[in-house]
Amino acid sequence: MLTPAQAGRVDIVLVSPRNPLNIGAAARAMANFGFSRLSIVAPFAQNWMEAKSAVGAPDLLRDAKVYATLAEAVAHSTLVLGTGSLDRRRPVQAILGLPEAAAQIRQTLHANADAPGLASETWASSTNARIALVFGSEKHGLTSDDLSWCHALIAIETCEAQPSMNLGQAVAVCLYEISRNPEISLAAAAQRPEPLKIKGAVSPNTEQLDRLAALVEETMEAVNYSTRGMRSANGAALRVLLRRLMPNEPDLRRMMGLFRRILWQLGRGSGKV
C-alpha cells in the first residue's frame with residue numbers, strides 16, 4: 001500500500017457525475033485504498049454529498065472540492081491521466097494499460113532516484129509531483145475536450161460485450177492496481193518510450209501549461225493564423241500538443257519569453273506599444 005503522504009498527492013477527479021450513489025461508491029473505494037482527495041467537476045445532482053453508498057467515507061465526501069471546470073480541478077497537477085475504455089474513442093494521447101500506468105504512478109509517488117533504470121526519467125521525479133486521475137460521466141465517459149487536459153489515457157480492459165464500467169467500480173479497480181506492489185513494476189515502467197518521459201527538471205503543472213497555451217493562441221490571432229471562431233478547436237489541439245511534448249519548467253519559461261517577445265514586436269510594428 002502507498003503511504004498516506006504518497007496517496008495524498010493523488011487527486012481523484014469525477015467529471016459531471018450524474019448519480020450520487022456512484023459518487024458515494026467512488027468515495028468508499030478511495031477510503032478502502034487510503035486515498036482522500038476527491039474533486040467533483042460540475043455534478044448534475046445537488047444532493048451528492050448525502051450519498052448513502054459512501055459507507056465509511058462521510059468525511060471524504062464532506063471535504064471533497066467542487067469545481068466548475070476540469071481545467072480548474074487539475075490546475076496544480078503535474079500529471080493528468082484520463083481513464084476509460086477504447087470501444088468508442090481513438091484518442092491522440094498515449095494509451096497505457098492499467099498495470100503499466102499504475103507502475104509508473106507508483107514510481108512517481110516514490111520519487112526514488114536510486115531505483116534501477118529510473119533516475120530522473122519518470123514522468124515527474126520531484127517529491128512535489130501531483131497526479132490527477134480523471135473519470136468521466138456515467139453517460140458518455142470523458143469527452144474529447146476532457147481528454148485534451150490529459151497527458152495520457154489509461155485503458156481499462158473489459159469484455160467486448162460490455163466494455164463500459166460503473167463509475168465506482170472503475171475508481172476501485174484503478175486504485176487497487178495503484179495500491180498493490182507487483183514484482184514487475186520497476187522493470188515494466190522503466191522501459192516506457194519517450195513521449196511520457198521528462199528529463200532533468202520537473203514538469204510544469206497544468207496551470208503553467210495553460211498560460212503558455214494562451215500566449216501561443218494570442219500570438220496566432222495576432223498574425224491572423226487563427227480566428228476567434230477557431231479558438232476552441234485550436235485550444236484543444238494546443239493542450240494536447242503541450243502535454244505530448246512534456247516541456248520542463250526552464251523550457252516553458254524560454255517558450256513564454258519567446259512568444260512574449262513576438263507579441264511585443266508585433267505590437268511595436270503596428271504602433272500599439
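It should be emphasised that the depicted structure is a prediction, and the values quoted were computed from it without experimental measurement.

Draft legend 1. Just the sheet that holds strand β4 (residues 79–84), in detail. Taken in spatial order, the seven strands line up as β3-β2-β1-β6-β4-β7-β5 in an open sheet, and their pairing is parallel. Every other strand in the sheet has two partners, leaving β3 (65–67) and β5 (94–97) as the edge strands with one partner each. Here the strands of the sheet are splayed against their neighbours by 30° on average, with no regard to which way each runs. Taken together, the five bridges between strand β1 (residues 10–15) and strand β2 (residues 37–41) define a ladder with parallel strand orientation. In the sheet register, Val13 faces β2, and the bridge partner there is Ser39. Taken strand by strand, helix α5 (residues 98–110) contacts β1, β4, β5, β6 (131–135) and β7 (152–155), and its axis lies near 95° from that of β5. Contacts from helix α7 (residues 167–179) reach β1, β4 and β6 within the one sheet, and its direction differs from that of β6 by about 150°.

Draft legend 2. Molecular detail of α5. Compared with an ideal rise of 1.5 Å per residue, which puts 13 residues at 18 Å, α5 spans 18 Å between its outermost C-alpha atoms and is within 8% of the ideal. Counting buried residues in α5 gives 10 out of 13 residues, a clear majority hidden from the surface. Of the positions making up α5, those classed as buried are Leu98, Ala101, Ala102, Ala103, Gln104, Ile105, Arg106, Gln107, Thr108 and Leu109.

Draft legend 3. Structural detail: the pattern of salt bridges. Counted under the stated rule, the structure contains seven salt bridges. In this structure, Asp145 and Arg239 form a salt bridge, with 2.8 Å as the shortest nitrogen-oxygen distance. Here the residue Asp145 occupies a position in helix α6 (residues 144–147), and Arg239 occupies one in helix α10 (residues 231–245), the gap between them amounting to 94 residues. Connected through shared salt-bridge partners, Asp11, Arg37 and Arg130 make up one network.

What counts as what
Counting starts from 1 at the beginning of each chain's written sequence and moves along it residue by residue. At least 70 in pLDDT is required for a residue's local features to be given in this predicted model, at least 80 for side-chain atom pairs to be given and counted, and no such filter applies to totals for whole chains, interfaces and linings, which use all residues. Computation of side-chain values covers all heavy atoms of the structure but excludes hydrogens and water. At least two DSSP bridges between two strands are required for those strands to pair. Secondary structure is summarised from DSSP: a helix means a run of H or I of at least four residues, a strand means a run of E of at least two, and numbering begins at the N terminus for each. Geometry is summarised by axes, namely lines fitted to C-alpha atoms with helices restricted to the contacting stretch, and by angles between N-to-C directions that run from 0 to 180 degrees. Whether two residues are in contact is decided by their heavy atoms, any of which lying within 4.5 Å being enough. Expected helix span is given by 1.5 Å per residue-to-residue step, counting one fewer step than there are residues. Relative accessibility decides the category of a residue: with a 1.4 Å probe and only protein chains considered, values under 20% of the type maximum give buried, values over 50% give exposed, and everything between is partly exposed. Within this document, salt bridges are pairs made up of a side-chain nitrogen of Lys or Arg and a carboxyl oxygen of Asp or Glu, the two lying within 4 Å of each other.

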